[in-house]
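Structure at a glance
The primary structure of each chain is shown beneath.
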Amino acid sequence: MRRLIMISDIHGCLDQFDQLIAALNIESVSDKLILIGDYVDRGPNSKEVVEKVMSLVKDYGAIALRGNHDQRLVDLIRSSNPTIQTKFIEHGGIETIRSYCNITSENSEVDLNTAINFIMNNYNHHIEFLSNLPLYYEDDHHLYVHAGINPNYTNWKEQSDYDFMYIKDEFIYQPTIIDKKIVFGHTKAIDIHQKADIWFGEDKIAIDGGCAYGLQLNALIYENDQYSTVSISHSTNQLKFNQ
Ligand SMILES: [Mn+2]
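Heads up: these notes are all about the structure in this document. (Residues numbered from 1 in each chain as written. Predicted model: local features only at pLDDT ≥ 70, side-chain atom pairs only at ≥ 80, totals over all residues. Heavy atoms only, no water.)

What follows is about the pattern of salt bridges. Evaluated as defined, the whole model comprises eight salt bridges. Glu 128 is paired through a salt bridge with Arg 78; the nearest N and O atoms lie 2.9 Å apart. With Glu 128 in helix H7 (residues 124-131) and Arg 78 in helix H3 (residues 68-78), this residue pair connects regions lying 50 residues apart in the sequence. In this structure Glu 128 comes out as partly exposed when scored by relative accessible area, which is 38%. In this structure, Asp 203 engages Lys 204 in a salt bridge whose closest nitrogen and oxygen atoms are separated by 3.1 Å. (Salt bridge = Lys/Arg side-chain N within 4 Å of Asp/Glu carboxyl O. Helix = DSSP H or I, 4+ residues; strand = E, 2+ residues; numbered from the N terminus. Buried < 20%, exposed > 50% of the residue type's maximum accessible area, 1.4 Å probe, protein only.)

With that settled, the discussion passes to the nonpolar core. Ile 7, Phe 17, Leu 24, Leu 33, Leu 35, Tyr 39 and Leu 73 are the most contacted members of the largest nonpolar core, which totals 46 residues. Those residues in contact with Leu 35, other than ones at most four positions away along the chain, are Ile 7, Ile 10, Phe 17, Val 53, Leu 56, Ile 63, Ala 64 and Leu 65. In this structure, Leu 135, Phe 164, Phe 184 and Trp 199 belong to the second largest nonpolar core, which totals 16 residues. (Core = buried A, V, L, I, M, F, W, Y, C linked by side-chain atoms within 4.5 Å. Contact = heavy atoms within 4.5 Å.)

Time to look at the pairing of strand S11 (residues 239-242). A regular strand places its side chains so that they alternate between the two faces of the sheet. In the sheet, strand S10 (residues 226-233) pairs with S11 via four bridges, with the strands oriented antiparallel. Across the sheet, the residue bridging to Val 230 is Phe 241, located in S11. Between the antiparallel neighbours S10 and S11 lie five residues, among them Asn 237 with a positive phi of about 60°. (Pairing = 2+ DSSP bridges.)

Next up on the list: the coordination of the manganese ion. Binding of the manganese ion to the protein goes through Asp 38 (OD), Asn 68 (OD1), His 146 (NE2) and His 186 (ND1), at separations of 2.2 to 2.3 Å. Mapped onto the sequence, the donors of the manganese ion take the spacing D-x29-N-x77-H-x39-H. Residue Asp 38 is found in the loop between strand S2 (31-35) and helix H2 (46-60), and its partner His 186 is found in the loop between strand S6 (181-184) and helix H10 (189-193); the two are separated by 148 residues along the sequence. The exposure classification of Asp 38 matches that of His 186, with both residues buried. (Donors = N, O, S within 2.8 Å, 3.2 Å for Na, K, Ca; no water.)

Further remarks concern the pairing of strand S5 (residues 142-145). Side chains His 142 and Tyr 144 project from S5 onto one buried face, and the interleaved Leu 143 and Val 145 project onto a second face that is buried too. As paired strands, strand S4 (residues 136-138) and S5 are joined by three bridges and run antiparallel to one another. Among the inter-strand pairings, Tyr 136 is bridged to a residue of S5, identified as Val 145. Across four bridges, S5 lies against S6 in parallel orientation. Of the residues in S6, the one forming a bridge with Val 145 is Phe 184.

Spatial relationships are all this shows, so hold off on functional conclusions.
As structure tokens, then:
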């Protein structure tokens, strides 16, 4: 059987993403890579992470889901809504602007509207790519979703886009009524079990290691009905393997 490899919440952390991909030795024929969203904001290399995700989808048939940060970047570029601009800045958007506009100095002023126009004119293909990403993916083993599913829906496919990208405790702390395990990001594992390592619940698995907060980037591997994990530390770049 092929390996399924799941990674979430990369948030511009290109170094750790590259090293994790290299450590996993991902081969397109035998492996399936599933990226669970939030490629941009907070970390230093959002533009390069999006480029890498685009090529993994194109060249390796990777699945990439849309997270709330990816959606917000799309909304920022396509609308001139001041609320979106404020939220974008409050949630690590400046790092995305620096990455796309090649601003290296910490002190240089960034004019948001100039940056928006620059991205629209030069990276519209990234915005188009992010805007078209699916909100969930399913196979025989799991349901993959950025944030979770709303327990108030008998058919989770009818829930709002907002729930797919934002739901937290309501999903995490109640049993689901579906017969597959749900693999999700968005809520950091450390917020659930006080550790950055992957959290294995009864019916759901939280994989966000909080890399952009200085913790770690996790990969969950599913092969022959077994789970294993590989993590890379943000501070030391050390890899940790767990069978
Ligand atoms: Mn998120």
